[in-house]
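Residue-level structure breakdown
Listed here are the chains, written in short residue letters.
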Amino acid sequence: MIRILAIDEIGMILPLSAQVQAIHAAKHPEQYCAEVPEAAARAFFEEKIRDGAQLFVTEDDAGAVCGFLLAVPNRREGNPFVHASALVELDQICVDERCRGQGIGAALISAMERWMQEEGYGEWRSVVHDFNAHSQNLMRGQGAHVLALRFQKTLTP
């Protein structure tokens, strides 16, 4: 079952959020914090929801969260160089390691897309790191394509 998580239920996703954080911190410790205090993580998600984001979750038969997706609406004004746009940033997605390969990620994205259509959004975007083959495959499997390449160079003293 997929549903939208209420703001007072955020604690349910924090263990999965920690899984995602650990993966990113292991690959890019210069950018990602290894440990995120629970209160800080909770405050982050609460603020996103208050600002209009939707937090989709899927639960197993026992009510345990198997995955979540954070969808952040973004309306941008146009300027002389780019058109105005209304899109959704797929900010975070996580499927519990014990539940991968069961179609949960695809189901979460489908739920987000249904919500997007109801709200008048016709496009979503997501940033996926080069090391995250699971997410890359998920995005491609949902019909997404590579929009741009992002480069980074860290200067050493």
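Above this text you will find the structure in question.
For clarity, every value in this text was computed on a predicted model and none was experimentally measured. (Residues numbered from 1 in each chain as written. Predicted model: local features only at pLDDT ≥ 70, side-chain atom pairs only at ≥ 80, totals over all residues. Heavy atoms only, no water.)

In this section: helix H2 (residues 38–50). An ideal rise of 1.5 Å per residue puts 18 Å on 13 residues; H2 measures up with 18 Å between its terminal C-alpha atoms. Residues of H2 that are buried make contact with helix H1 (14–27), strand S2 (54–59), strand S3 (65–76) and strand S4 (85–95). Positioned one or two residues after H2, Gly 52 has a phi angle of 110°, which is positive. (Helix = DSSP H or I, 4+ residues; strand = E, 2+ residues; numbered from the N terminus. Expected span 1.5 Å × (residues − 1). Contact = heavy atoms within 4.5 Å.)

Bridging between S3 and S4 involves 10 bridges; their strand directions are antiparallel. For Asn 74, the partnering residue across the bridge sits in S4 and is Leu 87. Here two bridges tie S4 to strand S5 (residues 124–125), and the two strands are oriented parallel to one another. Bridge pairing links Val 88 to Trp 124 in S5. Remark: the S4/helix H3 (residues 104–119)/S5 crossover connection has right-handed handedness. (Pairing = 2+ DSSP bridges. Right-handed = clockwise from strand over helix to strand, strands pointing away.)

Here we take up the packing of aromatic side chains. In this structure the tally under the stated criterion is four aromatic pairs. Both rings, one in Phe 44 and one in Phe 45, keep their centres 5.2 Å apart while their planes meet at 80°; by these two values the pair is edge-to-face. According to the relative accessible area criterion, Phe 44 is partly exposed, its value standing at 32%. Aromatic rings pair up to connect Phe 44, Phe 45 and Phe 68 into one cluster. (Phe/Tyr/Trp six-rings, centres within 6.5 Å; stacked < 30°, edge-to-face > 60°. Buried < 20%, exposed > 50% of the residue type's maximum accessible area, 1.4 Å probe, protein only.)

Take the nonpolar core next. Formed by 20 residues in total, the largest nonpolar core has its most connected members in Leu 69, Ile 109 and Met 112. For this core, the secondary structure elements donating two or more residues are S3, S4, H3 and helix H4 (133–141). Broken down by element, this core gets its largest block of residues, seven residues, from H3. Ranked by size, the runner-up nonpolar core spans 17 residues in total, among them Val 20, Phe 45, Ile 49 and Val 65. (Core = buried A, V, L, I, M, F, W, Y, C linked by side-chain atoms within 4.5 Å.)

What follows concerns the side chain of Ser 17. Within the element layout of this structure, Ser 17 appears in helix H1. The contact partners of Ser 17, leaving out residues within four places of it in the chain, are Phe 45, Phe 68 and Gln 92.

Applying the stated rule across the entire model yields eight salt bridges. A salt bridge links Glu 46 to Arg 50, with the shortest nitrogen-to-oxygen separation between them at 3.9 Å. Of this pair, Glu 46 and Arg 50 both sit in helix H2, four residues apart, roughly one helical turn. Classification of Glu 46 as partly exposed rests on a relative accessible area of 21%. Here Asp 60 ties to Arg 98 by a salt bridge, and the two come within 3.7 Å at their closest N and O atoms. With Asp 60 in the loop between S2 and S3 and Arg 98 in the loop between S4 and H3, this pair connects stretches of sequence that are 38 residues apart. Look at Arg 98 and you get partly exposed, because its relative accessible area is 48%. Each member of the salt-bridge network shares a partner with another, and the members are Arg 3, Glu 9 and Glu 59. (Salt bridge = Lys/Arg side-chain N within 4 Å of Asp/Glu carboxyl O.)

This part is about the side chain of Asp 96. Note on placement: Asp 96 falls in the loop between S4 and H3. Apart from the residues lying within four places of it in its own chain, the contact partners of Asp 96 are Leu 16, Gln 19, Val 65 and Cys 66.

Two cysteines whose sulfur atoms are joined by a covalent bond form what is called a disulfide. Under the counting rule described, the total for this entry stands at zero disulfides. With no disulfide of its own, Cys 33 lies closest to Cys 94 among cysteine sulfurs, the gap being 18 Å. Of all cysteine sulfurs in the structure, the one in Cys 99 sits closest to Cys 66, which takes part in no disulfide; the separation is 3.8 Å. (Disulfide = S-S within 2.5 Å.)

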